[in-house]
Amino acid sequence: MSNHADMGIGALDAIRARIPGQSAVADVADVFSLLGDPARLRLLLALLEGELCVSDLAEVTEHSESAVSHALKLLRAHRIVAVRREGRRAFYRLDDPHVRMLLDLAISHTAHSRMEHPEREGATEVAS
């Protein structure tokens, strides 16, 4: 256990009360996990520009249509993206403005922060 000399127990209780329950924290972790995959992230970044069909997403992200469809199915199941059908074609878009906000914040953060990746080769990388 830690020493509570720095913060009173009441302050720690207030912090603890602001942390969502385990189920809500697990849901948040799931969202970050979905956003944390580079292939899915590229799809979502492409969708920041608006609706795109699977073939256009495959072209722009340089992935197969099968891989894109699989990723979109997962993102759709978690309500990260939504689909609109037009005849036989399906057009995907971001489903929630909060996802757009998360992506915009992440892009902004990496644009001005020095990123260090000790787990990667060439350990230090500067975002441009």
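Residues numbered from 1 in each chain as written. Predicted model: local features only at pLDDT ≥ 70, side-chain atom pairs only at ≥ 80, totals over all residues. Heavy atoms only, no water.

Taking an unreviewed UniProt entry as the reference, the protein chain is identified by name as Transcriptional regulator belonging to Brachybacterium avium.

A.B. asks: Explain the overall build of the protein chain to me, please; I cannot follow it from the model alone.
C.D. replies: A tally of regular secondary structure across the protein chain gives six helices and five strands. Of the regular secondary structure in the protein chain, the N- to C-terminal order runs α-α-α-β-α-α-β-β-α-β-β. Of the accessible surface of the protein chain, which amounts to about 9300 Å², a share of 54% is contributed by carbon and sulfur atoms. (Helix = DSSP H or I, 4+ residues; strand = E, 2+ residues; numbered from the N terminus. Areas by Shrake-Rupley, 256 points an atom, 1.4 Å probe, with all protein chains shown as cover.)

A.B. asks: Help me understand helix α4 (residues 54-61) in this model?
C.D. replies: Owing to its 3.6 residues per turn, the α-helix aligns residues three or four sequence positions apart on the same side. Those residues of α4 that fall on the buried side of the exposure criterion are V54, L57, A58 and T61. Projected onto a plane normal to the axis of α4, the buried residues spread over an arc of 100° and lie on a single side. Phi turns positive one or two residues past the end of α4, at E62, with a value near 60°. (Buried < 20%, exposed > 50% of the residue type's maximum accessible area, 1.4 Å probe, protein only. Arc of directions from axis to C-beta.)

A.B. asks: What am I meant to see in the sheet that holds strand β2 (residues 81-86) here?
C.D. replies: Note on sheets: strands pair through backbone hydrogen bonds, and any given pair is parallel or antiparallel. Read from one edge to the other, the open sheet built from three strands follows the order β1-β3-β2, with strand pairing classed as antiparallel. Unpaired on one side and paired on the other, β1 (52-53) and β2 mark the two borders of the sheet. Note that β2 and strand β3 (residues 89-94) share six bridges and pair antiparallel. Across the sheet, residue R84 finds its bridge partner in β3, namely F91. (Pairing = 2+ DSSP bridges.)

A.B. asks: Explain the packing of α4 against helix α5 (residues 65-77) here, please?
C.D. replies: Think of two packed helices as two axes; the pair is described by the angle between the axes and how far apart they sit. Interhelical geometry of α4 versus α5 gives an angle of 110° and a closest axis separation of 9 Å. Judged by the angle between their axes, α4 and α5 are roughly perpendicular. Crossing handedness for the pair α4 and α5: right-handed. The segment α4 lies against α5, with V54, S55, L57, A58 and T61 engaging E65, V68, S69 and L72. Looking at the contact of α4 with α5, its residues break down into five nonpolar, three polar and one charged. (Axes fitted to C-alpha atoms, helices over the stretch in contact; angles between N-to-C directions. Parallel < 35°, antiparallel > 145°, perpendicular 65-115°, else oblique. Left-handed = near helix turned anticlockwise from the far one by under 90°. Contact = heavy atoms within 4.5 Å. Nonpolar A, V, L, I, M, F, W, Y, C, P; charged D, E, K, R; others polar.)

A.B. asks: Explanation requested: the confidence of the model for the protein chain in the structure shown.
C.D. replies: Detailed conclusions should not be drawn from predicted coordinates in areas where pLDDT is low. In this model, the protein chain carries a mean pLDDT of 87, and residues with pLDDT of at least 70 account for 89%. Ignoring residues within four places in sequence, the model shows residues 123-128, a span with pLDDT below 50, making 17 contacts including any to other chains. (pLDDT = per-residue confidence, 0-100.)

A.B. asks: Please clarify how the nonpolar core should be interpreted in this entry.
C.D. replies: Soluble globular proteins tend to pack their nonpolar side chains together in the buried interior. Residues L44, L57, V81, Y92 and L94 are the most contacted members of the largest nonpolar core, which totals 22 residues. Counting only elements with at least two residues in this core, the list comes to α2 (22-36), α3 (38-47), α4, α5, β2, β3 and α6 (97-112). Residue contacts for L57: discarding those within four places in its chain leaves L43, A46, L47, L52, V68, L72 and Y92. (Core = buried A, V, L, I, M, F, W, Y, C linked by side-chain atoms within 4.5 Å.)

A.B. asks: What is the right way to read the pattern of salt bridges from this model?
C.D. replies: Where charged atoms of side chains with opposite charge meet at close range, the side chains can pair. Applying the stated criterion across every chain yields a total of four salt bridges. When the shortest N-O distance is used, the salt bridge between D13 and R16 registers 2.7 Å. Of the two residues, D13 and R16 are both situated in helix α1 (residues 9-18); the distance of three residues between them amounts to about one turn of the helix. A residue is classified by how much of its surface remains accessible, and D13, at 39% relative accessible area, is partly exposed. Judged by relative accessible area, which is 54%, R16 ranks as exposed. The shortest N-O distance in the salt bridge between R93 and E51 comes to 3.9 Å. Here E51 lies in the loop between α3 and β1 and R93 lies in strand β3, a separation of 42 residues in the sequence. Overlapping salt bridges, with partners in common, bring together E51, R84, E86 and R93 in one network. (Salt bridge = Lys/Arg side-chain N within 4 Å of Asp/Glu carboxyl O.)

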